[in-house]
Each structure stands twice: as C-alpha cells, then as structure tokens.
Amino acid sequence: MARSSVPGLLISALILVAGLLLAFTAGRFAVSLGDVFAVIAAKLTGTSAKVAPAVETVIWQVRGPRVVAAMLIGAALAVAGTAFQGLFRNPLVSPDILGASSGASLGAVLGIFFSLGIFAIQALAFAGGLVAVAAVYMIGSAARARDPVLVLVLAGVVIGALLGAGVGLLKYLADPYNQLPAMTFWLLGSLAAVSPADLVPLFGPVALGTIALLALRWRMNVMSLPDEEAKALGVPTGPLRIAIVAAATLVTSASVATAGIIGWVGLVVPHIARTLVGPDFGRLIPAAALIGGGFLLAIDTLARTMAPIEIPLGILTAFVGTPFFIWLLASVSKEWSAP
C-alpha cells in the first residue's frame, strides 16, 4: 500500500466525522454533543434517551434526514467527479460534463411547470439526467471520430446548451407568482425540503453506482491512459467507458433529483482526495466519498445558519469553488496522471 494511503484515508474520515458533528449540533435550536451521543446510544441500545423530547425530535426528524441526504449527495457528486476526471483525463471535468445536470434540470422544471407532485418532479429529474447522457452517448457513437472522448465532451456541451434553452423557455412561460419562484429555488439547490421518504430513492442509485465504480477501480486506472495503451493492456475501452459513464450518471441524476443543482462539489473534492491519497482509484474513490460527504455537510450547515433565511447550496458551493477553479487553471500544466 502507498505510503500516503492510510493517513490520507484517516484525514478523509475525520472530515466526514467533523461534518456530521457540526451538522447535528449547529443551528437555531442548539444541540450539545452529549445530547447527540445520548440519543444515538439510546437508539442503538433500545433504551430511552435522557434528553428533552424536543432534542430527540430535532435530531431524528428535523436534522437527521437532511444530514443523511447531504452526506449521500456530497459523496455521490464527489465520486462521479472522480470517475469523470479519470475517464476524460482532464482535471477540469465535473459530473455535469455529459449533460446529466442539464437533463435533470429540464425534467424537474417540466414537472413544476405542469404542477406535478414532488415525487413526480424527482422522477422526471432522474429520468431527464439519464436520457440526456444516453443522447450524448448516442451522438458520440454515431460520430465515429478518432478521439471518442473529445466527441463525448463536445456532444455533452451541445446537448447541455439545448437542454438549458428548454429550461429557459419553460421559465419564460411559467406562472411568475408560483411556478417561476419554485423553478428558481430548485435550480439553485437546497436540502430544506428533504424528508425521510426521499432517502430510500436516493440511497439505492447512489449505493449501486458507487459500488459499480469501486468494482471497476483498477480498470479505471488503466482508462486514465490513452486508448491505444489501454487496449494494448487488454482493457475493452468501449464497453468499460459506457459502464463508468452509466454508474457516474446514475449517482449524479439521483443527487440532482433530490436536491437540485449543486455545482463544484464534483470538481473540487476529487482534487483534495487526490492530494491526500494519490491517483489510485482504489483509494481515491473512498477518499472522495468521505470528503464529499463532509464537505457538503459543512456547506449545508453554513447555508442554514449564516443568515436569517436559508441560502441555496449552489450559491455557497460557487463561492468556494470559484477561487479553487482559478488556482486549478494556474496549476493544470503540472503532471496529472494515474499510476
């Protein structure tokens, strides 16, 4: 095992633990660490917690679902970003590179436009992300170019622009008093409306996609090489690329369907994880998941505590991600390759 692997994974785990403790204790209704541990211990042992009923309600019913959702979504976006950056061999790639976020946005906005229920809106957003990436891949397959990776990126840009125009059209036609504010709020990203019922449809796709990427970890190391070299090593680059894209799109679409558009997590976190544990995907994916969960927990806690009204997550992640992106542009010429 590489020298930096154990301390790097330990730091990643500590980031997640710190995010969890901060998310459970911080807020307008203050909860002490002792109360949090007492409530969790009582739940595990089946005994009664010696805390005020209001504290137990806040931990399990109010903050609990939101904390779990933030942890899952942060991990999912970070893992998807890690996979896409390795697949496209580009440190500036994020999970929405193939139009998953744009497709999910159009699906959700369409559901809001037709005044559908929350579950229908989430289903349309999830389906929209998958359909968008499928369309991108069909275009890329039909092009038969010498550089399939470049064609996929260009097709993703084109489809993303088209879907963005569709979102703009629906916003223009929407009722400005009810539908338009709902569309704008959803597109900015938030976990304010997350309920326990949202966790099951979120956990399934995120777990499935993450496990699939972990199973492909050593092949993803090879896919970081040029296609000719990967094929010479016996790796079927075409089917493997489809599998990686499908798994990363699955977790991205599920996350966007639950919380709306939350940018920058899939761009920033993989680089932090790479700095801590190195480029081997066997260590990089778990580290990115841990850091991504802790990162979004911290951002969500900040979103609901720093102002009298809740600040959308997409705004806060942009404030964090923009300076990081500028630094990344300045250092992108440095070596960036898998083992």
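Numbering of residues begins from 1 in every chain and follows the order in which that chain's sequence is written. With pLDDT at 70 or above as the cut-off, local features in this predicted model cover only qualifying residues; side-chain atom pairs require 80 or more to be listed or tallied, and sums for whole chains, interfaces and linings still use all residues. In computing side-chain properties, one takes all heavy atoms of the structure into account and sets aside hydrogens as well as water.

Draft legend 1. Spatial organisation of the overall build of the chain. Numbering of helices and strands runs from the N terminus, with a helix taken as a DSSP run of H or I at least four residues long and a strand as a DSSP run of E at least two residues long. Within the chain, the regular secondary structure consists of 14 helices and zero strands. In sequence order, the chain lays out its α and β elements as α-α-α-α-α-α-α-α-α-α-α-α-α-α. Accessible area is worked out with a 1.4 Å probe on protein chains only. A residue is then buried under 20% of its type maximum, exposed over 50%, and partly exposed in between. Put simply, the chain has 339 residues, and 49% of those count as buried. Working rule for contacts: check all heavy atoms of both residues, and any pair within 4.5 Å makes them a contact. Taking as baseline every contact in the chain between residues at least 6 positions apart, the subset at least 24 positions apart corresponds to 76%. Across the chain, the mean location of the 18 positive side-chain charges is 4 Å away from that of the 13 negative side-chain charges. Charge convention: Lys and Arg are scored as positive, Asp and Glu as negative, and His as well as the terminal groups of each chain are ignored. Every charge is mapped onto a representative atom, which is NZ of Lys, CZ of Arg, CG of Asp or CD of Glu.

Draft legend 2. Structural context of empty space enclosed by the protein. Cavity means a closed set of points on a 1 Å grid over the protein atoms alone, one where a 1.4 Å probe fits but cannot get out, pocket means an open set with protein on both sides within 12 Å along at least 5 of 7 lines, and lining means a residue has an atom within 4 Å of a point. Grid points are joined across faces, edges and corners, and a volume is the space filled by probe spheres set on the points. Applying the stated criterion across every chain, the model contains one cavity of 30 Å³ or more. A volume near 40 Å³ is recorded for the largest cavity. Every residue along the wall of the largest cavity is listed here: Ala 23, Arg 63, Arg 66, Val 67, Leu 297, Asp 300, Thr 301 and Arg 304. Of all the secondary structure elements, the ones that give two or more residues to the lining of the largest cavity are α3 (53-88) and α13 (281-305). Of the residues contributing to the lining of the largest cavity, the split by class is three nonpolar, one polar and four charged. Three classes are used: nonpolar for Ala, Val, Leu, Ile, Met, Phe, Trp, Tyr, Cys and Pro, charged for Asp, Glu, Lys and Arg, and polar for all others, with Gly counted as polar.

Draft legend 3. Examining the packing of aromatic side chains more closely. Ring pairs shown here join Phe, Tyr and Trp side chains whose ring centres sit within 6.5 Å, with only the six-membered ring taken for Trp; geometry is labelled stacked below 30 degrees between planes, edge-to-face above 60, and tilted in between. Scanning the model with the defined rule gives two aromatic pairs in all. Between Phe 84 and Phe 88, the ring centres sit 6.0 Å apart and the planes meet at 20°, which makes this aromatic pair stacked. Taken as a pair, Phe 84 and Phe 88 lie in helix α3 at a separation of four residues, close to a single helical turn. Comparing Phe 84 with Phe 88, the two get one shared label, buried. Where Phe 113 meets Phe 114, the ring centres are 5.3 Å apart and the plane angle is 85°; that geometry is what we call edge-to-face. Only Lys NZ and Arg CZ are tested; either one counts as a charge over a ring when it is within 6 Å of the ring centre and within 35 degrees of the ring normal. Above the plane of the ring of Trp 60 lies Lys 43, whose end atom (NZ or CZ) is 5.6 Å from the centre.

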